[in-house]
Structures are given as C-alpha cells and as structure tokens.
Amino acid sequence: MSGLLYKAVFPFRRHLGDSCLYKSSLGISFRNVWAPSVIKPEKVENFRAILENYEFSDTQISILAKLLPNIFSFSLQNNILPKLKFFLSIGLSTSELPKVIMVNPALLSGSIEKQFIPCYNYLKTLVNSDEDIVRTIKRSPRIFSCNLNIMVSNVELLAQAGVPQSFISYILTRYPHSLQMKCDKFKRSVDKAIKMGFDPSTMIFIRAIYVLCEMSEQAWGSRIKVYRRFGLSDTEILSAFRSHPFFMKLSEEKIMRGMEFYVKEMSCSPANVARSPIVLFYNMERRIIPRCRVIKMLMEKGLVKKYSLANVLACTDEQFLKRFLVPPRADCTIEYYFHYGSPYFFCGNK
C-alpha cells in the first residue's frame, strides 16, 4: 500500500535529475526542491493520512506534491496542521478547505503570524462577520497571500473617492480580486469610471470598477468594435455601460447572437437594445427564443400591439404564461405551448 501511494504521490520522480529541476504539466518549474529520493514512504503516508482527515482526496494530495514538491520537508505538527486549523477557525468547513487550498497551494507555505493573521485582522475592519471573510476567501483564495499593502491602498483610494463603507465591504466580498490589483491599474479604473460619469456613492460604480479592473484594453476594444458593427455609436455604448456595466463583459459570441436575433428576428433597432442592455444577458435557447417567438406570433395575429422586450424577458415563467397564454394545464411550459399549443390558447395582453 505504501509503495503504491508513494508512486502515486510522486508521479514526477523520473523528471528530477541532479539539478533538481522539475517542470510540471501546469508549466510550473521548481529548482532546488526537496528531492523525493530522500523522503521516506512513511512520511508520505503520515502526510496523506493527515490531509485525508481534512477531506483531501488522493488526487488532490498528488497535485499538491506536484505544485509544492518541497511540502514533505515541512513539519506536519508545526507547519501544516496549524495552517489548516487556522482556516477552519475563521469559518471554513472541512469540505471547503481543500477547494481553497487547491486554488492557492501557497497557503500551506505562508506564515500565519506574518501573513494570515494581519490579513484576517484587516478584513475584519471591512466586513461585519467571519461569514463575510469566508465568502471572500472562497471567491479569492489568494487574498490571504496577496500583498496586504496593495489592498490597503486600494481601499483607501475608494474611501477618498467617496465610496461608502458598506459598498467597500460589498466589493471585498463580491469582487475581492479587484482590490488585489496593482495600485496604478486600480487607480486608472477608478478615475476612468468617474470620468465616464459614474457616481462613487452608488452600487453601480462598484460594478463598473470591477469590469474595468478585470478587462484588458484589448478586450474592451474588441467589445466596442462588435457593438459598432451593429451601428451603435460610442455615446450609445457608453450609455448602455452606465446602465449595466456587465454589458461590456459579455462574450463577443453572446453579443453577436443576441444583437442579430433582436435586429433580424424581432425587428428591434440596435439603439433600442442598447437602451435595455439586460436583454442580452438571458439564455438564448431557454428564454429569449421561446418567449420572443410567442410574442412574434401574437403580434402577427393582432393580439399584441406593443410590448416591452425587457419586461417580457424579465418576468417569471408563471407571469409570462398568465399574461400572454391561457394554459389548459398548469404544468405546461412555454416551450410546450410554442411547439404543441394552438392559437386558441393565446390571449395577448390583459
């Protein structure tokens, strides 16, 4: 058993030579690592047993060995266990802990006193509870190994710009990666959002900051080109972004499919779509196409004179059925009526 586990944990042993250079399948190189040849199988077994108690799988342990090949030189009692216990003590469950560690294995080599505790104490000043900190670390496991000075500077910048404390807490728990951006890029994003007309005292400003932080200049430019292709002006694009910042974070494919459908199938003008950018966010197959075809059929029969595309898509299935269809069966879906129904069931606006 020990021999098999030893080979499973060290599938990369053959890659280690005299130089102790190993390049994993993830493209990560290590030099001067603790060579597996000097690790006793018993220590591997002890390591595996400890991690299994914290719900790590053999596969996860093997991946950790690849990403941190010197991990077996750490003391289980003085190094590994205290860190696992620390993250459990702040509220992570035993099922959540392995997922967090696997995203950021560096947590096992970090310092509790120099990194984790200072970070935890600072986060406590920004949020209301440990539950918020758990939510934050689950969204961004790297936050406990990031440069704390950078995060402090970015938070101070938001406060100086007039962002309320409650919204700073929101961006931390919802978009923690943004606060870990380099200070110069984060400041450019804040300044750009203010220049675009966003009010720092509003929640939509936080969403704009997130989008601007996450998108590269190239990605931003490519989205602009797609919207321009449909005839939208820069003013209309900016107005849509100010209405719904995630308008610029949609994939090019989703933008193309949505705009083409609304313009060609529903005879909507691109400007009308931009005035209600939320209509581009829904799922094409499950919501947009079935509902829009029902509306189109009703209009062709003269049962609907005008409608709000945003309202048609935003309402629940039950609300849509009640407003536009008279169902003979309560369990029938919109797709059922479109494929199998008859004009008898259509009632139009009430």
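Computed from a predicted structure; not experimentally measured.

Draft legend 1. Summary view of the packing of aromatic side chains. A full pass over the atoms with the stated rule returns 16 aromatic pairs. Considering the side-chain rings of F87 and F144, the 5.6 Å spacing of their centres and the 80° angle between planes classify their relative orientation as edge-to-face. In this pair, F87 sits in helix α4 (residues 76–89) while F144 sits in the loop between α7 (130–139) and α8 (148–161), placing the two residues 57 residues apart along the sequence. For the pair F87 and F144, one class covers both residues: buried. Measuring from centroid to centroid gives 5.8 Å for Y210 and F246, while their planes differ by 50°, and the two rings are tilted. With a gap of 36 residues between them, Y210 in helix α11 (residues 203–214) and F246 in the loop between α13 (234–243) and α14 (252–265) connect regions that are remote in the sequence. For the residue pair Y210 and F246, the accessibility class agrees, reading buried in each case. Here the aromatic residues F86, F87, F116, Y120 and F144 are joined through ring pairs into a cluster of three or more.

Draft legend 2. Up close: the confidence of the model for the chain. For the chain, per-residue confidence averages 84 on the pLDDT scale, and residues scoring 70 or more make up 81% of the total. Scored below 50 in pLDDT, residues 1–37 makes 61 contacts in the model with residues more than four places away or belonging to other chains.

Draft legend 3. Focus on the environment of N283. On the secondary structure map, N283 appears in the loop between α15 (270–275) and α16 (284–300). Residues N283 and K254, 29 residues apart in the sequence, show an inter-C-alpha distance of 9.3 Å. Residues in contact with N283, not counting those within four places in the same chain, are K254 and I288. A polar atom in the side chain of N283 sits 2.7 Å from the backbone nitrogen of R286.

Draft legend 4. Summary view of the side chain of K83. Residue position: K83 is located in helix α4. Buried and unpaired, K83 has E113 as its nearest opposite-charge partner, separated by 8.1 Å. A polar atom in the side chain of K83 sits 2.7 Å from the backbone oxygen of G110. Discounting chain neighbours no more than four positions away, the residues touching K83 are L107, L108, S109, G110, I112 and F116.

Draft legend 5. Here's a closer look at the environment of S140. Looking at the secondary structure, you find S140 in the loop between α7 and α8. Owing to a relative accessible area of 6%, S140 belongs among the buried residues under this scheme. With 33 residues separating them in the primary sequence, S140 and T173 have C-alpha atoms 9.1 Å apart. Separated by 2.8 Å, the side chains of S140 and Q180 make a polar contact.

Draft legend 6. Quick look at unusual backbone geometry. At E55, a residue that is not glycine, the phi angle is positive and equals roughly 70°. As for its position among the elements, E55 is in the loop between α2 (41–53) and α3 (58–67). Residue E55 is classed as partly exposed on the basis of its relative accessible area, which comes to 46%. You will see that S267, though not glycine, has its phi angle at about 55°, which is positive. Tracing the backbone shows S267 in the loop between α14 and α15. Take S267: its relative accessible area is 64%, and that puts it in the exposed class.

Draft legend 7. Structural view of the packing of α16 against helix α18 (residues 317–324). Packing of α16 against α18 leaves a shortest axis separation of 12 Å and a crossing angle of 10°. Considered as vectors, α16 and α18 are oriented roughly parallel to each other. For the pair α16 and α18, the contacting residues are R291, V294, I295 and L298 in the first and D317, F320 and F324 in the second. The class makeup of the residues in the contact of α16 with α18 is 5 nonpolar, no polar and 2 charged.

How each quantity is defined
- Residues numbered from 1 in each chain as written.
- Predicted model: local features only at pLDDT ≥ 70, side-chain atom pairs only at ≥ 80, totals over all residues.
- Heavy atoms only, no water.
- Phe/Tyr/Trp six-rings, centres within 6.5 Å; stacked < 30°, edge-to-face > 60°.
- Helix = DSSP H or I, 4+ residues; strand = E, 2+ residues; numbered from the N terminus.
- Buried < 20%, exposed > 50% of the residue type's maximum accessible area, 1.4 Å probe, protein only.
- pLDDT = per-residue confidence, 0-100.
- Contact = heavy atoms within 4.5 Å.
- Polar contact = N/O pair within 3.5 Å; in protein donor to acceptor, adjacent residues only side chain to side chain.
- Lys, Arg positive; Asp, Glu negative; His and termini not counted.
- Salt bridge = Lys/Arg side-chain N within 4 Å of Asp/Glu carboxyl O.
- Axes fitted to C-alpha atoms, helices over the stretch in contact; angles between N-to-C directions.
- Parallel < 35°, antiparallel > 145°, perpendicular 65-115°, else oblique.
- Nonpolar A, V, L, I, M, F, W, Y, C, P; charged D, E, K, R; others polar.

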